[in-house]
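A structural walkthrough
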Amino acid sequence: MIILDNHMHLRRDGRYIEAVKEFKKAGGTHLILCHMPMVGEVLKNKSYMPSYQKTLDMAEEVSDATNIKIFVTVGPYPADYLPLRDKFGREKAKEIMFKGMEEARHLCNEGKAIAIGEIGRPHFEVDKQAWDDSNEIMAYGMKLAKEAGVAVVLHTESMGSDGFNELAEMADRAGIERGKVVKHFSPPLVTREENHGIFPSVLATEKAIREAIKKGNRFFMETDYIDDPRRPGAVLGLKTVPKRVKKLMAEGVMDEEDVYKIHKENAEQVYGIAME
């Protein structure tokens, strides 16, 4: 049985390989490793590629050590805009983040990454200039993902159905299919009436997954594990998704068909990958 955690991070100074070993022991089989923000590297290099390479290297190293299949997404983290603007000014900050999108597209074209992300806009209140620029940068990332034929993974503020509609309209303008736009850290807005065709990656709390599965199985499950030694187990521990799946199956809330759809077919459809 394939069990995928759709969005997590790793750090060499975190639990790193041990965390993934726990995921495997709990029954997990596949991970999508999202590029961890490394803004210090970007400030130093004025480029995202060196930090992207660190994420790719971690994926290879951890996969070799655990035999867990790890796919990678890369993209300029939205909140990077603020320290980049502080150091280089508005136009240079935008230029570096646009270049970061292009570098991410390059890695997708090479088959080293499966999606551009997480990109988007800060999840906290910012000034209007930062907000407008972030939307412009996000739209550019969507456009490049469309050109590369890959998905895009979005980081945004918390939102309901109206927010999903805004993202859907942005996707339409960029020319990318709504179903190729993954909303990371999503609430259980599973029906198309709620999410307007955007693909929800639902944070795998028990309450959220119980609510999501009542509505259907067009969603992903994620922990957003951040591997921060100062915040052990945040946002959710890596064992969460396999343990949640097994519990809900034992209770009859989720069946094998649901698990197959959520963890294999959805990933193959959205990311164009082979989940073997």
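As a convention, each chain's residues are numbered from 1 in the sequence order in which they are written. Since the coordinates come from a predicted model, pLDDT governs what is reported: local features require at least 70, and pairs of side-chain atoms require 80 or more to be given and counted, while whole-chain, interface and lining totals use all residues. The side-chain figures draw on all heavy atoms in the structure; neither hydrogens nor water molecules are used.

This part takes up the pattern of salt bridges. A pair is scored as a salt bridge if a Lys or Arg side-chain nitrogen falls within 4 Å of a carboxyl oxygen belonging to Asp or Glu. In total, this model carries 26 salt bridges according to the counting rule given. For Asp127, the salt bridge is made with Arg85, and the minimal N-O distance between the two is 2.7 Å. One end of the pair, Asp127, is in the loop between strand S4 (115-120) and helix H6 (128-148); the other, Arg85, is in helix H4 (residues 81-88), with 42 residues separating them in the sequence. Measuring nitrogen to oxygen at the nearest pair gives 2.5 Å for the salt bridge that ties Arg178 to Asp172. Within this structure, Glu206, Arg210, Arg244, Lys247 and Glu251 form a network of salt bridges that share partners. Only DSSP runs of H or I reaching four residues or more are called helices, and only runs of E reaching two or more are called strands; each is numbered from the N terminus.

Turn by turn, an α-helix covers 3.6 residues, leaving residues three or four places apart pointing in a common direction. Every buried residue belonging to helix H9 (residues 206-215) is among Ala208, Ile209, Ala212 and Ile213, and all of these are buried. All buried residues of H9 project into a common sector of 120° when viewed along the axis, lining one side. Away from its buried face, by an angle of more than 90 degrees, H9 presents the exposed residues Lys207 and Lys214. For H9, the secondary structure elements touched by its buried residues are strand S7 (199-203), strand S8 (220-222), helix H10 (240-250) and helix H11 (256-271). With its phi angle positive at about 150°, Gly216 sits one or two positions after the end of H9. For the exposure calls, accessible area comes from a 1.4 Å probe over protein chains only, and a residue counts as buried if that area is under 20% of its type's maximum, exposed if over 50%, partly exposed in between. Regarding the arc, it is the one traced by the directions from the helix axis to the C-beta atoms. We call two residues contacting when some pair of their heavy atoms lies within 4.5 Å.

Sheet strands pair via backbone hydrogen bonds, and the direction of the pair is either parallel or antiparallel. Pairing between strands is defined by DSSP: at least two bridges between them are needed. If you trace the eight strands from one edge of the open sheet to the other, you get S1-S2-S3-S4-S5-S6-S7-S8, paired in parallel fashion. The two strands at the open ends of the sheet, each matched to only one other strand, are strand S1 (4-8) and S8. Pairwise comparison of adjacent strand axes, ignoring direction, gives a mean angle of 25° for this sheet. Pairing of strand S2 (residues 30-34) with strand S3 (residues 69-74) involves five bridges; the strand directions are parallel. Note on S3: the bridge partner recorded for Ile32 is Phe71. In the packing of helix H3 (residues 49-66) onto the sheet, contacts are made with S2 and S3, and the angle to S3 comes to roughly 175°. Working convention: axes come from line fits to C-alpha atoms, limited for helices to the stretch in contact. Angles between N-to-C directions cover 0 to 180 degrees.

Counting residues in each nonpolar core, the largest one holds 60 residues, and the members touching the most others are Leu10, Ile116 and Met142. Ranked by the residues each element gives to this core, the list is headed by helix H5 (residues 90-109), at eight residues. Discounting chain neighbours no more than four positions away, the residues touching Met142 are Ile119, Val152, Leu154, Leu167, Met170, Ala171, Ala174, Ile176 and Val181. As used here, the term nonpolar core means buried Ala, Val, Leu, Ile, Met, Phe, Trp, Tyr and Cys residues forming a set that is joined through side-chain atoms within 4.5 Å. If you look at the next biggest cluster of nonpolar residues, it comprises 18 residues, including Val190, Leu203, Ala204 and Leu236.

Moving on to the packing of H6 against helix H7 (residues 161-174). Where H6 contacts H7, the two axes come as close as 9 Å, and the packing angle between them is 55°. The angle between H6 and H7 places the two elements in the oblique class. Relative to H7, H6 is oriented so that their crossing is right-handed. Where H6 approaches H7, its residues Asn135, Met138, Ala139, Met142, Lys143 and Lys146 are matched on the opposing element by Leu167, Met170, Ala171 and Ala174. Oblique is the label for every angle not falling under 35 degrees (roughly parallel), over 145 degrees (roughly antiparallel), or within 65 to 115 degrees (roughly perpendicular). For a crossing to be left-handed, the near helix must be turned anticlockwise from the far one by less than a right angle; the clockwise case is right-handed.

It is worth spelling out unusual backbone geometry at this point. Note the cis peptide between Gly117 and Glu118, where omega equals 5°. As for its placement among the helices and strands, Glu118 is situated in strand S4. Note that the residue after Ala234, namely Val235, is joined by a cis bond; omega there is -5°. Along the chain, Val235 turns up in the loop between S8 and H10. Positive phi, normally seen in glycine, also occurs at Tyr16, with a value near 50°. For Tyr16, the position within the fold is in the loop between S1 and helix H1 (17-26).

Okay, the packing of aromatic side chains next. Only rings of Phe, Tyr and Trp enter the pairing, Trp through its six-membered ring, and a pair is recorded when the two centres are within 6.5 Å. The plane angle decides the type: under 30 degrees is stacked, over 60 is edge-to-face, the rest tilted. Enumeration over the complete set of coordinates arrives at four aromatic pairs. Judged by centre distance (5.5 Å) and plane angle (20°), the ring pair of Phe220 and Tyr271 falls under stacked. One end of the pair, Phe220, is in strand S8; the other, Tyr271, is in helix H11, with 51 residues separating them in the sequence. Accessibility assignment for this pair places Phe220 and Tyr271 in one class, buried.

The residue Ser186 is located in strand S6 (residues 181-186) in this model. Residues within four places of Ser186 in sequence aside, it is in contact with Phe164, Pro200, Ser201, Val202 and Leu203.

Let us now look at the pairing of S6. Where burial is concerned, most of S6 is hidden: five out of the six residues are buried. Pairing analysis gives three bridges linking strand S5 (residues 151-155) to S6, with the strands arranged parallel. Bridging across to S6, Leu154 finds its partner in Lys183. Note on handedness: a crossover is taken as right-handed if, strands pointing away from the viewer, the path from the first strand over the helix to the second is clockwise. In this region the chain leaves S5, passes through H7 and returns to the parallel neighbour S6; the handedness of that crossover is right-handed. Bridge count between S6 and S7: three bridges; the pairing is parallel. Across the sheet, residue Lys183 finds its bridge partner in S7, namely Pro200.

By themselves these figures say nothing about function.
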